[in-house]
Amino acid sequence: MPLLPLGGCSNVVLPDVLEAVVLRAGDDSIQVIGDEAGKRVLRVGAARDWHAFVLWSVAEGYGGLENLALIPGSVGAAPVQNIGAYGRELQECVVAVHGHDLRSGEARSLSSEECRFAYRSSVFKEELGDRFLIRAVDFRLAVGGEPRTDYPSLSDWLARGAYGRSAQEVCRAVIDLRRERLPDPQTNPNAGSFFKNPIVTCALAEELLARHASLPVYRVDDERTKLSAGWLIEAAGLRGFALGPVRSSPRHALVLENTGGAGQDDVLALAARIREQVLDHFGVRLEVEPRVYSRAAVLEATW
């Protein structure tokens, strides 16, 4: 059977039966391996729970990860998706990723540049998809420093609550914000944000803004603009919409919830309906963010 590396499985859509030998890293250690101009380099085992590591880092006085609190999953899975939230992405803090190529058997250490991080993507999701077992990640974190709080929804939330501006306080605010706006996967099974925020041409963004003034937009560069997938889904009338045992969450349209007994086909059927209606309404194609596994895909990736 093929070998398949998985972390906490919080951002995957699995079939009823996964025909593979699943590998999970076992090291959850944290080591200080260097100091660089007011920053500390840490090596963290891939099995470490991501949120627990974020809480540990801010408690130790390190800055840089506080915006990424309460994201489910493991440290080893975090580079695969290049996780991000509230204006920060993992790639800003990663020095290197260590692991094994399951196809060649080679132990490898990839620099941040070799990881080819992109929006919700990396070499571990593309060229090395499902064939690289991540064993540890090196992070470069500030000792102290000012947290980044200029992301609109986070800035607004901080202004409304009794929060300070330290990394610990921003971490607390992010936890409160996520609990307020996102369904808990422990009680409402889901795979997190199901679609990426689409990146479109500036011309299309301006055309959509002329018709929908409340559409959130984030300029990427001179030619591209990022749109809010959640806003597009809600504006298409699909917030809370259910198809069989799966629904778009009433709390956040971007999250698809299993309301009981759903399988992979049920989840993908609703995802297809959402993509069709958003395309019809706005001319924008949504891209699925979680990894969708089938037997054919596993075999193709690992053999």
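Only a predicted model underlies this, so the values are computations on that prediction, with no experimental measurement involved.

Bringing the packing of helix α3 (residues 152-160) against helix α4 (residues 167-181) into the picture now. Direction vectors running N to C along α3 and α4 enclose 105 degrees, while the axes themselves pass 10 Å from each other. The angle between α3 and α4 falls in the class roughly perpendicular. Contact with α3, carried on its side by S153, L154, W157, L158 and R160, involves V170, A173, V174, D176, L177, E180 and R181 of α4 and no other residues of that element. Across the contact of α3 with α4, the residue classes tally to seven nonpolar, one polar and four charged.

Compared with the 27 Å implied by 1.5 Å per residue over 19 residues, the 27 Å span of helix α7 (residues 264-282) between its first and last C-alpha is a close match. Every buried residue belonging to α7 is among Q264, V267, L270, A271, I274, V278 and F282, and all of these are buried. End-on, the buried residues of α7 take up no more than an arc of 140 degrees, which puts them together on one face. Those residues of α7 that are exposed and angled more than 90 degrees off the buried face are D265 and D280. Following α7 by one or two positions, G283 has its phi on the positive side, about 70 degrees.

Now for the environment of L209. Looking at where L209 falls in the secondary structure, it is placed in helix α5 (residues 202-211). Aside from chain neighbours lying at most four places away, what touches L209 is L215 and V217.

Let us now look at the sheet that holds strand β15 (residues 224-227). With respect to topology, three strands assemble into an open sheet ordered β13-β15-β14, the strand pairing being antiparallel. Edge strands, defined here as strands with exactly one partner in the open sheet, are β13 (199-201) and β14 (217-219). The average undirected angle you get between the axes of adjacent strands in this sheet is 35 degrees. The strands that α5 touches are β13, β14 and β15; relative to β13, the one it contacts most, it runs at about 90 degrees.

Bringing a nonpolar patch on the surface into the picture now. A surface patch of nonpolar side chains, about 270 Å² in accessible area, is lined by M1, L3 and V21. When you line up the elements, M1 lands in the segment before β1 (3-5).

Moving on to the side chain of R291. By the element assignment, R291 lies in strand β19 (residues 291-292). Among the polar contacts listed, one links the side chain of R291 to the side chain of D130, at a separation of 3.3 Å. Once residues lying within four places of it in the same chain are set aside, the contact partners of R291 are N11, V12, V13, V80, Q81, F124, K125 and D130.

Right, let's talk about the packing of helix α1 (residues 50-59) against α4 for a bit. One way to put it is that α1 packs onto α4 with a least axis distance of 9 Å and a crossing angle of 150 degrees. It follows that α1 is roughly antiparallel to α4 by the angle criterion. Relative to α4, α1 is oriented so that their crossing is left-handed. Counting all contacts with α1, which are made through H51, V54, L55, V58 and A59, the residues of α4 involved are A167, Q168, C171 and I175. Residues belonging to the contact of α1 with α4 are distributed by class as follows: seven nonpolar, two polar and no charged.

Attention shifts here to the sheet that holds strand β12 (residues 190-193). Spatially, four strands are ordered β12-β18-β17-β16 in an open sheet, and the strand pairing comes out antiparallel. Both edges of this open sheet fall to β12 and β16 (242-243), since each of them pairs with a single strand only. Note that β12 and strand β18 (residues 255-258) share two bridges and pair antiparallel. Opposite N190, over in β18, you have E257 as the bridge partner. Its contacts with the sheet put α7 on β16, β17 (246-248) and β18, and the angle it makes with β17 is roughly 35 degrees.

Conventions and cut-offs
- Residues numbered from 1 in each chain as written.
- Predicted model: local features only at pLDDT ≥ 70, side-chain atom pairs only at ≥ 80, totals over all residues.
- Heavy atoms only, no water.
- Axes fitted to C-alpha atoms, helices over the stretch in contact; angles between N-to-C directions.
- Helix = DSSP H or I, 4+ residues; strand = E, 2+ residues; numbered from the N terminus.
- Parallel < 35°, antiparallel > 145°, perpendicular 65-115°, else oblique.
- Contact = heavy atoms within 4.5 Å.
- Nonpolar A, V, L, I, M, F, W, Y, C, P; charged D, E, K, R; others polar.
- Expected span 1.5 Å × (residues − 1).
- Buried < 20%, exposed > 50% of the residue type's maximum accessible area, 1.4 Å probe, protein only.
- Arc of directions from axis to C-beta.
- Pairing = 2+ DSSP bridges.
- Patch = residues over 30% accessible without salt bridge, like charges linked within 9 Å, V, L, I, M, F, W, Y side chains within 5 Å.
- Areas by Shrake-Rupley, 256 points an atom, 1.4 Å probe, with all protein chains shown as cover.
- Salt bridge = Lys/Arg side-chain N within 4 Å of Asp/Glu carboxyl O.
- Polar contact = N/O pair within 3.5 Å; in protein donor to acceptor, adjacent residues only side chain to side chain.
- Left-handed = near helix turned anticlockwise from the far one by under 90°.

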